[in-house]
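Here are the chains, one letter per residue:
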Amino acid sequence: MALTGLDIFKQLPKTNCGDCGVPTCLAFAMKLAQGGAELSQCPHVSEEAAAALSDAAAPPMRAVTVGTGDAAFTVGEETVLFRHDKTFVHPCAIGPRIDSGTSDDEIAAAVATTKAAAFERVQQHLACGFAAVRSTADAARFAAVAADVAEKSGLPLVLMAEDPEHMSAALDAVGPSRPLIHAATEANAEAMIALASEHSCPLAVRASGLDAVAALTEKAAAAGLKELVIDSAPESAAAALRDHVFARRAALKQKFAPLGYPVITFPGDHADGDPMLETVYAAVDVAKYGSIIVLSGAEPWRMLPLLVLRQNVYTDPQRPMRAEAKVYEIGAPGPDSPFLVTTNFSLTYFIVSSEIEASKIPAYLGVVDAEGLSVLTAWAAGKFVPERIAKFVNDSAIAENVSHHDIIIPGAVAQISGELAEELEAWNVLVGPYEAADIPAFLKARAG
Ligand code: SF4
């Protein structure tokens, strides 16, 4: 049962010292009750009070970390239903499933495809987060394939088997790499819970429907496991969406702890072997509320749209994505190449650099720090103004790299050309196109 702000306040020291970063104990208690603070932020709370407040202190959705070291990923810890309310915290992980019963060549090819599905977009690296290995042969084969995939992919594993003997063999084979165990069911729960405890691994529980899932998570939590993942074995894509939304609402709005865990999804289960339909269902999971999304394959054609969608959904809407402010070389520019400037709003950078690339005319693109705002917004906010652009140009080495002194500004801010010319006396300020789409034609015309 969730505690109210007043319940929590009664347990706090009531000294209003502010060490928690909030001016009063009452304000801190209210924040804690809403999930906006952690009890550990108050260094003065007594042990008895901490024990009494454990309900309120626990996050509404547990964090679960799969893997170890740099490749590990964390999911969960979400605090809002909609990204526009605040932000989503941990991006979902997406990866392929590899069956142990397939041939060594097929497994090697699947691992190669998984590794190849990696992209750079808006200065972020997008790639598969894990490889899931499913036992479809005997225990020894499952263990050998799990170890092989772990070594060759370098990714955290999701181990899929319902037979505890198979799971035990694979866990021994992959050592302390902290794979996710999938899954504890009503039939094997004791043995799988014991394996998760023994190997300190996160555990997925799978049962038909959320009531049965909640019963299993309570059992696992009573055994001391904290890092759990839920799988309601939905019979259709629509049922999957319903269960994911219901579980997230129950965890965040009702503080229903037995469903306060990340969700693992298998969109291919409902796609009748159609990878395109599976990808569409996976896109629904990215939006609502799959945390670990297991696909039947990781071909770049399906990973790219899903990873881009994830990038968009998990971007903090209150913080514009920014490109690094510097002079970018597009193509292999030389002394005669044009020099353009724009702002560091990542979408602006992305569009302008793509259009320059499309023109096939190598160029220098100066990306000015405008606090992540687009050209017109930055100009209106005083962030993309002649003084700032001139300082950027003077601080850069662009004058040494080009033999001309032409600087091309976006057509949307043609009005600053005169003032910029005064700031940059040695440069000729040229006004480029208003629309980025017109950049190729502009550059080609200029090149003659
Ligand atoms: S640090 Fe603790 S005692 Fe101090 S104001 Fe915050 S809640 Fe109160």
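Since the structure is predicted, the reported quantities are computational estimates derived from the model, not experimental observations.

## Thoughts on the overall build of the protein
So, point 1. Within the protein one finds 18 helices and 17 strands.
So, point 2. Projected onto its principal axes, the C-alpha positions of the protein cover 75 × 65 × 35 Å.
So, point 3. Looking at the 448 residues of the protein, the share that counts as buried comes to 42%.

## Observations concerning the site of the ligand
So, point 1. By nearness alone, 14 residues border the ligand, and Cys17, Asp19, Cys20, Cys25 and Cys42 come closest of all.
So, point 2. Tallied by class, residues from the shell around the ligand come to eight nonpolar, five polar and one charged.

## Thoughts on the pairing of strand E15 (residues 363-368)
So, point 1. Among the six residues in E15, six count as buried, and that is most of the element.
So, point 2. Taking every second residue as pointing to the same face, both faces of E15 are buried, with Ala363, Leu365 and Val367 on one and Tyr364, Gly366 and Val368 on the other.
So, point 3. Here strand E13 (residues 327-330) runs beside E15; their pairing, made up of four bridges, is antiparallel. Bridge pairing in E15 places Val327 opposite Gly366.
So, point 4. Both strand E14 (residues 339-343) and E15 contribute to a ladder of five bridges, which runs parallel.

## Considerations on unusual backbone geometry
So, point 1. Residue Ala183 is reached from His182 by a cis peptide bond, and omega for that bond is 10°.
So, point 2. Among the secondary structure elements, Ala183 is positioned in strand E8 (residues 180-184).
So, point 3. Within the chain, Lys14 stands out as a residue other than glycine whose phi angle is a positive 60°.
So, point 4. Note on placement: Lys14 falls in the loop between helix H1 (5-11) and helix H2 (25-33).

## Focus: the domain arrangement of the protein
So, point 1. By domain assignment, the protein separates into domain 1 (5-57), domain 2 (63-313) and domain 3 (327-447).
So, point 2. Between domain 2 and domain 3, the C-alpha centre-to-centre distance is 44 Å.

## Some words on the sheet that holds strand E10 (residues 228-231)
So, point 1. The strand order across the open sheet built from eight strands is E10-E9-E8-E7-E6-E3-E12-E11, with neighbouring strands paired in parallel fashion. Every other strand in the sheet has two partners, leaving E10 and strand E11 (264-265) as the edge strands with one partner each.
So, point 2. Examined bridge by bridge, strand E6 (residues 131-134) and strand E7 (residues 157-160) share four bridges and lie parallel to one another. Pairing of Ala131 across the sheet is with Leu157, part of E7.

## Considerations on the packing of helix H6 (residues 139-153) against helix H7 (residues 164-174)
So, point 1. Between H6 and H7, the shortest axis-to-axis distance is 8 Å and the interhelical angle comes to 35°. Taken as a pair, H6 and H7 cross one another with a handedness that is right-handed. Residues Ala139, Ala140, Phe142, Ala143, Ala144, Ala146, Ala147 and Ala150 of H6 form the contact with H7, whose own contacting residues are Glu165, His166, Ala169, Ala170, Asp172, Ala173 and Val174.
So, point 2. Within the contact of H6 with H7, the residues separate by chemical class into twelve nonpolar, one polar and two charged.

## Structural notes on the nonpolar core
So, point 1. Counting 78 residues, the largest nonpolar core has Ala146, Leu203 and Val205 as its most contacted members.
So, point 2. It is H6 that provides the largest number of residues to this core, a total of six residues.
So, point 3. If we skip the residues at most four places from it in the chain, Val205 touches Ala183, Ala184, Val213, Leu216, Thr217, Ala220, Leu228, Ile230 and Asp231.
So, point 4. If you look at the next biggest cluster of nonpolar residues, it comprises 32 residues, including Tyr364, Val375, Phe392 and Val429.

## Observations regarding the pairing of E6
So, point 1. Neither face of E6 is exposed, since Ala131 and Val133 on one face and Ala132 and Arg134 on the opposite face are all buried.
So, point 2. Relative to E6, strand E3 (residues 93-99) is paired through three bridges, and the arrangement is parallel. Opposite Arg97, over in E6, you have Ala132 as the bridge partner.
So, point 3. With H6 bridging E6 and the parallel E7, this β-α-β connection has right-handed handedness.

## Let's talk about the packing of helix H13 (residues 346-359) against helix H18 (residues 439-447)
For any two helices packed against each other, one specifies the crossing angle of their axes together with the interaxial distance.
So, point 1. Following both chains from N to C, one finds H13 and H18 inclined at 45°, their axes separated by 8 Å at the closest point. One way to sum up the angle between H13 and H18 is to call them oblique. Between H13 and H18 lies a crossing whose hand is right-handed. Together, Val352, Glu355, Ile356, Ala358 and Ser359 of H13 and Ile439, Pro440, Leu443 and Lys444 of H18 make up the contact between the two elements.

## Here we look at the environment of Ser200
So, point 1. Mapped onto the elements, Ser200 comes out in the loop between helix H8 (189-199) and strand E9 (203-206).
So, point 2. Judged by the 10 C-beta atoms lying within 10 Å of it, Ser200 falls in the exposed class.
So, point 3. Along the backbone, Ser200 and Leu180 are 20 residues apart, and their C-alpha atoms lie at a distance of 10.0 Å.

What counts, and at which threshold
- Residues numbered from 1 in each chain as written.
- Predicted model: local features only at pLDDT ≥ 70, side-chain atom pairs only at ≥ 80, totals over all residues.
- Helix = DSSP H or I, 4+ residues; strand = E, 2+ residues; numbered from the N terminus.
- Buried ≥ 20, exposed ≤ 12 C-beta atoms within 10 Å, placed from the backbone.
- Near = placed C-beta within 6 Å.
- Nonpolar A, V, L, I, M, F, W, Y, C, P; charged D, E, K, R; others polar.
- Pairing = 2+ DSSP bridges.
- Domains from an automatic or database assignment.
- Axes fitted to C-alpha atoms, helices over the stretch in contact; angles between N-to-C directions.
- Left-handed = near helix turned anticlockwise from the far one by under 90°.
- Contact = placed C-beta atoms within 7 Å.
- Core = buried A, V, L, I, M, F, W, Y, C linked by C-beta atoms within 7 Å.
- Right-handed = clockwise from strand over helix to strand, strands pointing away.
- Parallel < 35°, antiparallel > 145°, perpendicular 65-115°, else oblique.

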